[in-house]
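# Tertiary structure, described
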Amino acid sequence: MARAGLTPDLVVAAAAELADEVGFENVTLIALARRFGVKDASLYSHVRNLGDLRVRVALLAGGEMIDRIAAAVAGRAGKDALAAFADTYRTYALQHPGRYAATQIRIDQSLVADSPAMRRTAEITYGMLRAYGLAEPDLTDAVRLLRSTFHGYCALEAGGGFGAPRDVQKSWERAIDALHVLLERWPEEEDTHPSTDG
């Protein structure tokens, strides 16, 4: 029987807080049950299993992140939008390391399609890049470039991986400048299937 006062939303929110405190990989149903002062079996009335809990934390964190990004990029375009998007992404990743780690897990595509937060993430990200004049398949390539750049930078920064004396913030700003230039001058894809006509 579920403990009075516990709800799925409350359980997931507590798991997100725990992830920021101890690391997403260390969130377990036992640790979460201790937080509520209940047996871990009590949580199964609210989440199916640990995998279900992790996906729910990922969706919660993804929604929080895109809400902040959407507010930051509203009314902006081009480099201003890119910088606002990137800065908000980085701030969230560094302030909420456990939640951010959750956003990096692979989620079943059917769940992604049913998630308003995930759809909004795609709309805002692709919308920002369309303003650079990009269309498919370049849009997907550009999204992958931004995600890998932002994620890599944040992961290295959080782990103390930048040892050179150059200011980390200055390097971040220059990286955004460079991405802006690249997006404005996106290279045309070479024809990998040349014509065989004479």
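This one's a predicted model, so the numbers in the text were calculated from it and none came from an experiment.

What counts, and at which threshold
Residues numbered from 1 in each chain as written. Predicted model: local features only at pLDDT ≥ 70, side-chain atom pairs only at ≥ 80, totals over all residues. Heavy atoms only, no water. Helix = DSSP H or I, 4+ residues; strand = E, 2+ residues; numbered from the N terminus. Buried < 20%, exposed > 50% of the residue type's maximum accessible area, 1.4 Å probe, protein only. Contact = heavy atoms within 4.5 Å. 1 Å grid on protein atoms, 1.4 Å probe; cavity = no way out; pocket = protein on both sides within 12 Å on 5 of 7 lines; lining within 4 Å. Points joined across faces, edges and corners; volume = space filled by probe spheres on them. Nonpolar A, V, L, I, M, F, W, Y, C, P; charged D, E, K, R; others polar. Salt bridge = Lys/Arg side-chain N within 4 Å of Asp/Glu carboxyl O. Axes fitted to C-alpha atoms, helices over the stretch in contact; angles between N-to-C directions. Parallel < 35°, antiparallel > 145°, perpendicular 65-115°, else oblique. Polar contact = N/O pair within 3.5 Å; in protein donor to acceptor, adjacent residues only side chain to side chain. Patch = residues over 30% accessible without salt bridge, like charges linked within 9 Å, V, L, I, M, F, W, Y side chains within 5 Å. Areas by Shrake-Rupley, 256 points an atom, 1.4 Å probe, with all protein chains shown as cover. Lys, Arg positive; Asp, Glu negative; His and termini not counted. Charge placed at Lys NZ, Arg CZ, Asp CG, Glu CD. Left-handed = near helix turned anticlockwise from the far one by under 90°.

### Things to note about the overall build of the protein
- When its secondary structure is counted, the protein shows nine helices and zero strands.
- Across its three principal axes, the protein shows a C-alpha extent of roughly 75 × 50 × 35 Å.
- Going through the 198 residues of the protein one by one, you find that 38% of them count as buried.
- Once local pairs closer than 6 in sequence are excluded, the contacts in the protein between residues at least 24 apart make up 67%.

### Quick look at the layout of surface pockets
- By volume, the largest pocket is sized at about 910 Å³.
- Contributing to the lining of the largest pocket are 25 residues, with Thr-103, Met-118, Thr-121, Val-143 and Arg-147 lying nearest its centre.
- Contributing elements (two or more residues each) for the lining of the largest pocket: α3 (50–73), α4 (78–95), α6 (109–114), α7 (116–130) and α8 (138–158).
- The biggest single contributor to the lining of the largest pocket is α8, with six residues.
- A per-class count over the lining of the largest pocket returns 15 nonpolar, seven polar and three charged.

### As for the pattern of salt bridges
- By the definition in use, this model includes ten salt bridges.
- Residue Arg-35 pairs with Glu-21 through a salt bridge whose shortest N-O separation is 2.8 Å. Here the residue Arg-35 occupies a position in helix α2 (residues 29–36), and Glu-21 occupies one in helix α1 (residues 8–22), the gap between them amounting to 14 residues.
- Overall, Arg-35 belongs to the partly exposed group, its relative accessible area being 34%.

### Digging into the packing of α1 against α3
- Look at α1 against α3: their axes get within 9 Å of each other, and the N-to-C directions meet at 80°. Comparing their axes, α3 and α1 come out roughly perpendicular. Together, Pro-8, Val-11, Val-12, Ala-13, Ala-15 and Ala-16 of α1 and Leu-53, Arg-56, Val-57 and Leu-60 of α3 make up the contact between the two elements.
- Here the residues of the contact of α1 with α3 are counted per class, giving nine nonpolar, no polar and one charged.

### Considerations on the environment of Ser-148
- Considering the arrangement of structural elements, one finds Ser-148 in helix α8.
- A distance of 2.8 Å separates a polar atom in the side chain of Ser-148 from the backbone oxygen of Arg-144.

### Concerning a negative patch on the surface
- Side chains of Glu-136, Asp-141, Glu-189 and Glu-190 sit close together on the surface and give a patch of like negative charge.
- As for its position among the elements, Glu-190 is in the segment after α9 (168–184).

### Observations regarding the packing of α4 against α8
- Put simply, α4 and α8 touch, their axes get as near as 10 Å, and they point 40° apart. Taken together, α4 and α8 sit at an angle that is classed as oblique. In terms of crossing hand, the pair formed by α4 and α8 is right-handed. Residues Leu-82, Phe-85, Ala-86, Tyr-89, Arg-90, Ala-93 and Leu-94 of α4 form the contact with α8, whose own contacting residues are Leu-146, Arg-147, Phe-150, His-151, Tyr-153, Cys-154, Glu-157 and Ala-158.
- When grouped by side-chain class, the residues that make up the contact of α4 with α8 number eleven nonpolar, one polar and three charged.

Fair warning: the whole summary comes from geometry, so function is off the table for now.
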